[in-house]
Amino acid sequence: MPGLIQESPFQTITVKELHPTFGAEVSGVNFQDLSEEQFSEILAAMAEYGFCVFRNTGLDDESHVKFSERFGELDNIRRYLVGGRKPRYEHYELFDAGNIDGDSGGVLDPASGRAHSNRGNGLFHADSTFNPRRASFSLLRACELPPPGNGGNTDFADSRTAFDELPPALRDELLAHDYVGAHSMAHSRKLGSPAFFADVDPAAGPMRRHRIVQRHEPSGRMNLLVGAHLHHIEEGEGEGEGAGEGLEGGKEIPGSWDLVQRLNRHVTQKQYTVSVRWDNPGDLIIWDNRCVLHRAGGGAFEGKYRRDLRRTTVHDDSPTAWGCNSRDSAWMGFNSQAKPKHAGAVGV
């Protein structure tokens with residue numbers, strides 16, 4: 001039952017469930033001297049719950065990165081540092097997930113290109129599905145938070161249980177056809193702020209392809225890899241890495257967009273979602289992009305209070321990490337369609 005501390009096989013951590021089917025708050029972790037036994041139990045909790053919340057970790061930028069490296073190879077922001085753009089942090093492995101203007105240090109102007117781009121983060125998605133190699137874990141840490149009661153939660157959706165509870169005919173269709181999803185960051189940016197990005201055509205840029213239904217290896221359960229980056233669905237022709245590579249990819253199925261919307265609506269139903277409040281600087285949430293979706297919650301803080309969140313992202317190393325993409329695929333930062341008004345926006 002959510003909210004109760006559950007009896008479990010864990011010996012070095014305590015787990016409090018947050019939802020009937022996924023999500024947990026974990027306590028008892030010694031982040032300053034983390035043993036292999038305790039790290040193994042964190043991995044086991046992640047496999048069971050999909051995302052875990054850790055309060056008052058005491059992590060700073062350096063220890064955040066070092067801890068993240070225990071999960072695998074980290075992504076970095078270098079491909080986004082073009083046109084004179086400077087990193088906010090010393091560590092290139094840290095992604096800026098906050099609302100702070102890098103030049104002034106104040107709250108980001110809600111009319112800025114970056115703020116419009118960030119609206120796409122308010123839609124349920126899995127990190128990095130628009131990359132040739134998808135992400136496994138994301139580790140998001142609070143550095144500065146708005147005053148309590150001003151919003152800014154992070155919400156999660158259980159895409160494994162959502163698969164389990166698909167209408168049988170739809171589940172059979174997905175399994176029989178082994179559909180491939182074509183993902184684009186420009187697509188989610190446009191969904192988040194359609195008027196601002198009206199002249200951006202996601203279909204004119206590269207798409208990265210990952211199968212819609214996949215087995216989540218750590219738990220052995222099936223998962224729906226959908227979310228706001230999913231632009232359209234293609235026939236599951238070709239097998240293995242490199243199938244569907246290129247701008248054209250495979251053949252789009254009839255009714256593709258209707259199915260994209262149906263799957264996203266299904267996964268994000270109330271019974272599959274939970275909202276997590278940030279309490280204090282030093283709080284950390286880790287989620288597995290291979291079995292949950294997430295979104296940034298809005299609130300009264302927007303345009304008013306600083307919200308400084310920093311994320312590391314771990315490259316997936318499972319057999320399906322590269323989906324239907326070649327390992328030689330280009331990793332996209334800013335899209336060539338960007339106009340002057342889009343300055344600072346990521347993914348367009």
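This text goes with the structure placed above it.
What you see is a predicted model; the values in this text were computed from it and never measured.

*Asks:* Provide a residue-level description of unusual backbone geometry, including the pertinent values.
*Replies:* One non-glycine residue with positive phi stands out, namely serine 128, at about 70°. As for its placement among the helices and strands, serine 128 is situated in the loop between α3 (113-118) and β5 (135-144). For aspartate 178, which is not a glycine, the phi torsion comes out positive at approximately 50°. Examined against the element boundaries, aspartate 178 turns out to sit in the loop between α5 (168-177) and β7 (180-183). Taking the relative accessible area as the measure of exposure, aspartate 178 reaches 24% and is therefore partly exposed.

*Asks:* Let's hear about the pairing of strand β6 (residues 154-158): which residues, and what values?
*Replies:* Among the five residues of β6, five are classified as buried, and the element is accordingly described as predominantly covered. Where β6 lies against strand β12 (residues 273-276), four bridges are found, and the strand directions are antiparallel. Note that in β12 the partner of threonine 154 across the bridge is valine 276. Relative to strand β14 (residues 292-296), β6 runs antiparallel, the two sharing five bridges. Paired with aspartate 155 across the strands is arginine 295, a residue of β14.

About the cut-offs
- Residues numbered from 1 in each chain as written.
- Predicted model: local features only at pLDDT ≥ 70, side-chain atom pairs only at ≥ 80, totals over all residues.
- Heavy atoms only, no water.
- Helix = DSSP H or I, 4+ residues; strand = E, 2+ residues; numbered from the N terminus.
- Buried < 20%, exposed > 50% of the residue type's maximum accessible area, 1.4 Å probe, protein only.
- Pairing = 2+ DSSP bridges.

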